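As a plain string of letters, each chain reads:
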Amino acid sequence: MSPAPPVRSDDPGSFPWSVFHERHPKLVQQVLDALPYGPAERAAVEDLLAESTTGLLRPLTDDGDDHELWLAWGRDVWGTPWGEAPFLWAESYFYRRLLAATGYFGSGAWRGVDPFAPYKDAELAGPAVDEELAALDGLRGLTAERRTEALLASALWGNRADLSFGLTATPVAGRPAGLVADDSRLLLAAPAAAGPARICLVADNAGRELLPDLVLVDHLLTEAPAAEVVVYVKPYPYYVSDATMADVLATFRRLRSSPEPEAGRIGLRLWQAMNTGRLAVRTHPFFCAPLPYREMPPDLRAGFAGAALTILKGDLNYRRLVGDQLWPAITPFAEVAGHFPSPVAALRTLKSDVVVGLDPQVVADLDAYGTPWRTSGTHALIQVHGLA
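In short, a report on the structure.

### Here we look at the overall build of the chain
Argument step 1. What the chain contains, in helices and strands, is 15 helices and seven strands.
Argument step 2. Expected size for 388 residues packed as a compact globule is a radius of gyration near 21 Å; at 20 Å, the chain falls within 12% of this value.
Argument step 3. The principal-axis extent of the C-alpha atoms belonging to the chain is close to 55 × 50 × 45 Å.
Argument step 4. Across the 388 residues in the chain, those meeting the buried criterion constitute 55%.
Argument step 5. Long-range pairs, those at least 24 residues apart, make up 79% of the contacts in the chain between residues at least 6 apart in sequence.
Argument step 6. When the accessible area of the chain is evaluated, it comes to approximately 15,500 Å², of which 56% is carbon and sulfur surface.
Argument step 7. Of the charged side chains in the chain, 34 are positive and 47 negative; the average position of the first set lies 4 Å away from that of the second.

Next up, the structure:
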């Protein structure tokens, strides 16, 4: 397999360029409006925005627990313009620096305060979630197979509920949303074929995406023969809406406090599953690393090894799985995902340029519309490797 060049953000007008020059300025303003940060925090955030668009990458100056890790991860990019670093690296570092700028890693009163919490909380408390919780009662009338299909679809399309993406997303005109790759039959058969086994799910966003993810987890524990489910979350707030342990607990509370009968039952079952150890929530510093999963450390690799299946949710996990590189879209998924230490399934709505494993005719048809189908969030994929 020939190497593909990494995606970079130094091409004006490209999607990665727009992230730094259009999305991040809107994000910074939202962060500064959401919480009453003082002059020092506000100045640090604004300085970061200026540096990330016109300056050079410089090492961390805070005392976060991951300080030494970042020094090592950045040894090849310090002193270079942000746009010349790999996009995955620079975008990840922006969010790490944003936390530092708001005092998240400091010794003051802002230590540990999630700058994205106001948006996460508002989304989870919103009327759209009320409707989704009410819809859970309708699942009880479906067959087990149809229920699995519905929950899988909900988890897949729930990935559109991404707060950072909503800052700049535009709809694609002229073509309905749909799957550009669909290995769902393999995925639907996987739990039954594996028998009682461990299934891992690497979460992406909190709120309206994490909710259907956890409902799917409940289904795997109660109606599919999973002996154990491990949900992996970020160790600290990341990429605006990425899920942390605090977000898992908030979702549990939302389910348990719902007046809708099925939502309450699901919340209680998930709570009890954690009590008994059938459901575990774990994290690792590498989930906030600016690196592909191919470079995961041995202890995390060992955690995935032996799982009957690992489900990777969302765009960032996909980029890290296949490599945030300019692959031809027809590159076989197995060639770039085969390094993962367990059978793996990617559930992703497309929000960045990277995509592999597509049929040439599908690519030709999508390109013919002349719209940004790779980055609009209106198309999705289910891709699987390692399942017979």
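### Observations concerning the side chain of K234
Argument step 1. By the secondary structure assignment, K234 is in the loop between β3 (228–232) and α10 (245–256).
Argument step 2. Residue classification places K234 among the buried positions, given a relative accessible area of 5%.
Argument step 3. Within the local environment of K234, its side chain forms a polar contact with the side chain of D242, the two groups lying 3.1 Å apart.
Argument step 4. Setting aside chain neighbours within four positions, we find K234 in contact with A203, D242, A243, T244, M245, T283, F287 and C288.

### Quick word on the sheet that holds strand β4 (residues 279–282)
Argument step 1. Here seven strands make up an open sheet; going across it, the order is β1-β7-β6-β5-β2-β3-β4 and the pairing mixed. The outermost strands of the open sheet, each flanked by one partner alone, are β1 (178–182) and β4. Going from strand to strand, the sheet's axes swing by 15° on average, the running direction of each strand aside.
Argument step 2. Relative to strand β6 (residues 344–349), helix α13 (residues 314–322) is tilted by about 130°, and along the sheet it contacts β2 (198–202), β5 (309–313), β6 and β7 (379–385).

### Observations regarding the packing of aromatic side chains
Argument step 1. For the structure shown, the criterion picks out 25 aromatic pairs.
Argument step 2. If you follow R320 out to its NZ or CZ, it ends over the ring of Y293, 4.7 Å from the centre.

### Quick notes on the nonpolar core
Argument step 1. Counting 77 residues, the largest nonpolar core has F94, Y293, F304, L321 and V322 as the members making the most contacts within it.
Argument step 2. Beyond its immediate sequence surroundings of up to four residues, F304 is in contact with R198, C200, V202, Y232, F287, M296, T310, F340, P341 and S342.
Argument step 3. Ranked by size, the runner-up nonpolar core spans 44 residues in total, among them L156, A203, L220 and A226.

### A closer look at the environment of L221
Argument step 1. Its place among the elements puts L221 in helix α9 (residues 210–222).
Argument step 2. Look at L221 and you get buried, because its relative accessible area is 8%.
Argument step 3. For the pair L221 and L279, spaced 58 residues apart in sequence, the C-alpha separation works out to 8.2 Å.
Argument step 4. The residues touching L221, leaving out its near neighbours within four places in the chain, are A226, E228, V229, A273, R278 and L279.

### Considering the environment of Q361
Argument step 1. With respect to the secondary-structure elements, Q361 resides in helix α15 (residues 360–368).
Argument step 2. For Q361 and P25, which are 336 residues apart along the polypeptide, the C-alpha to C-alpha distance reads 38 Å.

### Things to note about the packing of helix α1 (residues 15–34) against helix α2 (residues 39–54)
Argument step 1. Contact pair α1 / α2: the axes reach a minimum separation of 11 Å and the direction vectors enclose 180°. With respect to α2, the axis of α1 lies roughly antiparallel. Counting all contacts with α1, which are made through F20, H21, H24, P25, V28 and L32, the residues of α2 involved are R42, V45, E46, L49, S52 and T53.
Argument step 2. When the residues that make up the contact of α1 with α2 are grouped by side-chain class, the tally is six nonpolar, four polar and two charged.

### Brief notes about helix α4 (residues 87–101)
Argument step 1. With 15 residues, α4 ought to run about 21 Å at 1.5 Å a step, and its terminal C-alpha atoms sit 21 Å apart, in line with that.
Argument step 2. Directly after α4, the chain includes G103, whose backbone phi takes a positive value near 90°.

Calculation notes
Residues numbered from 1 in each chain as written. Predicted model: local features only at pLDDT ≥ 70, side-chain atom pairs only at ≥ 80, totals over all residues. Heavy atoms only, no water. Helix = DSSP H or I, 4+ residues; strand = E, 2+ residues; numbered from the N terminus. Rg over C-alpha atoms; globule rule 2.2 N^0.38 Å. Buried < 20%, exposed > 50% of the residue type's maximum accessible area, 1.4 Å probe, protein only. Contact = heavy atoms within 4.5 Å. Areas by Shrake-Rupley, 256 points an atom, 1.4 Å probe, with all protein chains shown as cover. Lys, Arg positive; Asp, Glu negative; His and termini not counted. Charge placed at Lys NZ, Arg CZ, Asp CG, Glu CD. Polar contact = N/O pair within 3.5 Å; in protein donor to acceptor, adjacent residues only side chain to side chain. Pairing = 2+ DSSP bridges. Axes fitted to C-alpha atoms, helices over the stretch in contact; angles between N-to-C directions. Phe/Tyr/Trp six-rings, centres within 6.5 Å; stacked < 30°, edge-to-face > 60°. Lys NZ or Arg CZ within 6 Å of the ring centre and 35° of its normal. Core = buried A, V, L, I, M, F, W, Y, C linked by side-chain atoms within 4.5 Å. Parallel < 35°, antiparallel > 145°, perpendicular 65-115°, else oblique. Nonpolar A, V, L, I, M, F, W, Y, C, P; charged D, E, K, R; others polar. Expected span 1.5 Å × (residues − 1).

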